[in-house]
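This is what each chain is made of:
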Number of protein chains: 2
Amino acid sequence: MDKVRVCVDVMGGDEEPSVVMAGIEAALAADADLTVVAVGPQDIVEAFAKKHERVEPLVAPDVITMEDDPIQAVMHKRKSSVVIGCRAVKKGAADAFFSAGATGAITAAATAYVTPFKYESEGTRRPIRPCLTSALPNRQGGLTVLCDMGANPDVEVEDLVRFAQMGATYARVVCGISNPRVGLLSNGSEDTKGSHFTKECFLHMGKSVPGFAGNCEGTDLTSGNFDVVATDGFAGNVALKATEGAAKLLMSELKGVLMGSLGGKIAALLVKDGLKELKVKLSGDAKGGAILLGLRGVVLIGHGATSVEAIKNGTLASAYAVREGLVDKLASSMENIVR
Amino acid sequence: MDKVRVCVDVMGGDEEPSVVMAGIEAALAADADLTVVAVGPQDIVEAFAKKHERVEPLVAPDVITMEDDPIQAVMHKRKSSVVIGCRAVKKGAADAFFSAGATGAITAAATAYVTPFKYESEGTRRPIRPCLTSALPNRQGGLTVLCDMGANPDVEVEDLVRFAQMGATYARVVCGISNPRVGLLSNGSEDTKGSHFTKECFLHMGKSVPGFAGNCEGTDLTSGNFDVVATDGFAGNVALKATEGAAKLLMSELKGVLMGSLGGKIAALLVKDGLKELKVKLSGDAKGGAILLGLRGVVLIGHGATSVEAIKNGTLASAYAVREGLVDKLASSMENIVR
């Protein structure tokens, strides 16, 4: 495979840096052509790099926390791992950046340093809003792409049309779906359903989004009837987290059923491995992270409550996006892009 | 118990009227002080009333379907079961109306005929927007109230504040929660999270909603950390349906685990009853329907894909809301209400 250098934020996530480093080690073991640029405090990254041939240290003395205001933090914490990681991509010192840190700060830093593509609209050049995108397992055994998952709580019609176009390209390139069916998330599947805003989006998407298949509902995140669910970052985040919450509720209720009787306890032993696999599949660790589409480089964001498995998969997914040329393919999939 | 007359729409829902009638029979058997006014086509409701002492027929020759435009249908189909049922409440011929028909049409008919309370705002009288409300099971073994679940895709700040106030009263009166913790659904739990719109709601809710506990996330529909999740009908519907979809995904994945091996098949037999109960608990049938809060009468809406159990429980829930005086308690819980 092509050699790829992924910069990984050792300070990203709620866990200790040791969890991130164990994840990096697992990714290196799985991909012999991968080099990781580990960004973080000097003592941690230099000691880590000494132990591994394919790890390079990148010193960042500062950290952006979940409590920091994203824009302020990116402006003032120039020596943070998130800012230095994004700048490494900009300068070509790394092919991609992956962090399980705060979504808002990573989005702000990526927008400032990796920079989004611009497009021509009514004579002026406007930047694309980076759109947080990932794919969830659905009931038909496939994957459904959700975009935006939370980077942009307020968007305009034009933004949502771009999200849909980028989501469709992601479905083709990353999920291998040749003709993705794109749905507009709404409060009902009929054409007449929606808020004033989504009704306007509906009209534009019909003209500008190949594969547009009309309105879809919250159930379609997991139904398998749509390959891409396009929405703003507010509704997308709500839908994603409602799905996560429901999965947790069911797992805990199921535990109650299994632990509530002797028969249940025996049943639990019989299906232990199967349930463990199911939990991993639905936890999001299998994907490792979500990608910010629309940027001139590859930036992935992991779940804050991360794990070794999630860091491994997020790092490998970053390398995959680089090798597949996802950034160029996205730019080609949209009209009026300024290269 | 107090005698109550509930009008039930025989034509509501995707199933045959026989399913609705079986549900009514089950409700009558469970509540000796209940009388049902069955509204629907003459032949069906008259034959049904002949068989039951506590069923009265109310003839409605027309039906509003899921495909009809709600406002148009309510204006032009004056002889539909939905319009005649709402008018029965208005005239005092019934204490409540329950239908598993189209949400939009029932909301429109209830607004036109049962009529919402009005409130004084800047010298003018404005009607409250009816807010579709129900309670979902959460991970702590309690219930979480979601409002609005889909009646109002576009709302103003003032509307959402009312929803939160009414949701809290519902939590007290119907769920028996003495001091409900009210959350504003957002794309993150921090105070700084949200869209422009929810940030403005946040400021007003802090002043006007007793028990306001800040922003909550999609996960909090089921976490049990909030008793009321207040939102607009767009995000509320998306969250509700994403939850439903995730539950379906998990149940189908679980089936795969159980049917995938001999051990799994044995396990399935051991926990068969427990899983069946779990399915009912999470299906929404246990609640039977959602109530439209803010009206001068009790109107409940059932899930379109209904069942005998759901119709039974929706009918009983309607009677419960009447006996508890929910309508008056709601009006008393809000400021500036014009009686």
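Scroll up a little and you will see the structure.
Let us look at the structure shown here.

Definitions and limits used
Residues numbered from 1 in each chain as written. Chains lettered and ligands numbered in written order. Predicted model: local features only at pLDDT ≥ 70, side-chain atom pairs only at ≥ 80, totals over all residues. Heavy atoms only, no water. Axes fitted to C-alpha atoms, helices over the stretch in contact; angles between N-to-C directions. Helix = DSSP H or I, 4+ residues; strand = E, 2+ residues; numbered from the N terminus. Left-handed = near helix turned anticlockwise from the far one by under 90°. Contact = heavy atoms within 4.5 Å. Nonpolar A, V, L, I, M, F, W, Y, C, P; charged D, E, K, R; others polar. Patch = residues over 30% accessible without salt bridge, like charges linked within 9 Å, V, L, I, M, F, W, Y side chains within 5 Å. Areas by Shrake-Rupley, 256 points an atom, 1.4 Å probe, with all protein chains shown as cover. Salt bridge = Lys/Arg side-chain N within 4 Å of Asp/Glu carboxyl O. Buried < 20%, exposed > 50% of the residue type's maximum accessible area, 1.4 Å probe, protein only. Least-squares fit on C-alpha atoms with pLDDT ≥ 70 in both. Phe/Tyr/Trp six-rings, centres within 6.5 Å; stacked < 30°, edge-to-face > 60°. Lys NZ or Arg CZ within 6 Å of the ring centre and 35° of its normal.

## Looking at the packing of helix α4 (residues 81-91) of chain A against helix α5 (residues 103-114) of chain A
All names here are of chain A.
- At a minimum axis separation of 9 Å, α4 and α5 run at an interaxial angle of 35 degrees. In this structure, the crossing between α4 and α5 has a hand that is right-handed. Residues V82, V83, C86, R87, V89 and K90 of α4 lie in contact with α5, whose contacting residues are A105, I106, A109, A110, Y113 and V114.
- For the contact of α4 with α5, the residue count by class is ten nonpolar, no polar and two charged.

## Regarding a nonpolar patch on the surface
- On the surface, a nonpolar cluster with roughly 570 Å² of combined accessible area is contributed by L262(A), I266(A), L270(A), L262(B), I266(B) and L270(B).
- Among the elements of the structure, α10 (262-270) of chain A together with α10 (262-270) of chain B are those that each provide at least two residues to the nonpolar patch.
- Mapped onto the fold, L270(B) is located in helix α10.
- Taking the relative accessible area as the measure of exposure, L270(B) reaches 37% and is therefore partly exposed.

## Structural notes on the pattern of salt bridges
- A full pass over the atoms with the stated rule returns 24 salt bridges over all chains.
- Salt-bridge contacts for E56(B) lead to R5(B); the nearest nitrogen and oxygen are separated by 2.5 Å. In this pair, E56(B) is assigned in strand β3 (residues 55-59) and R5(B) in strand β1 (residues 4-9), connecting sequence segments 51 residues apart.
- What makes E56(B) partly exposed here is its relative accessible area of 29%.
- Ionic pairing is found between R126(B) and E158(B), a salt bridge with its closest N-O pair at 2.9 Å. Taken as a pair, R126(B) in strand β6 (residues 124-127) and E158(B) in helix α6 (residues 157-173) lie far apart in primary sequence, 32 residues in all.
- For R126(B), a relative accessible area of 25% corresponds to the partly exposed category.
- With relative accessibility at 29%, the residue E158(B) sits in the partly exposed group.
- Here the residues in one salt-bridge network are R126(A), E156(A) and E158(A), joined through shared partners.

## Overview of the environment of A88(B)
- With respect to the helices and strands, the residue A88(B) is situated in helix α4 (residues 81-91).
- On the basis of relative accessibility, which here comes to 3%, the residue A88(B) falls in the buried class.

## Observations regarding the relation of the copies chain B and chain A
- Between chain B and chain A, which share one sequence, the superposing operator has a rotation angle of 180 degrees and an axial displacement of 0.0 Å; the RMSD is 0.0 Å. In symmetry terms, the pair is related by a two-fold rotation axis. Within chain B, the C-alpha atom positioned nearest to the axis of rotation is that of A267(B), 2.0 Å from it.
- Mapped onto chain A, 100% of the interface residues of chain B are again interface residues, and the two copies thus contact each other with one and the same surface.

## Side note on the packing of aromatic side chains
Residue and element names in this part refer to chain A.
- One pass over the structure, following the stated rule, counts two aromatic pairs over all chains.
- Residues F202 and F212 carry aromatic rings whose centres are separated by 5.4 Å and whose planes lie at 75 degrees to one another, so their mutual orientation is edge-to-face. Within this pair, whereas F202 is found in helix α7 (residues 196-208), its partner F212 is found in strand β10 (residues 212-216), the two being separated by ten residues in sequence.
- The residue whose ring lies beneath R162 is Y119, and the NZ or CZ to ring-centre distance is 4.1 Å.

Limitation: the analysis is restricted to geometry and does not speak to function.
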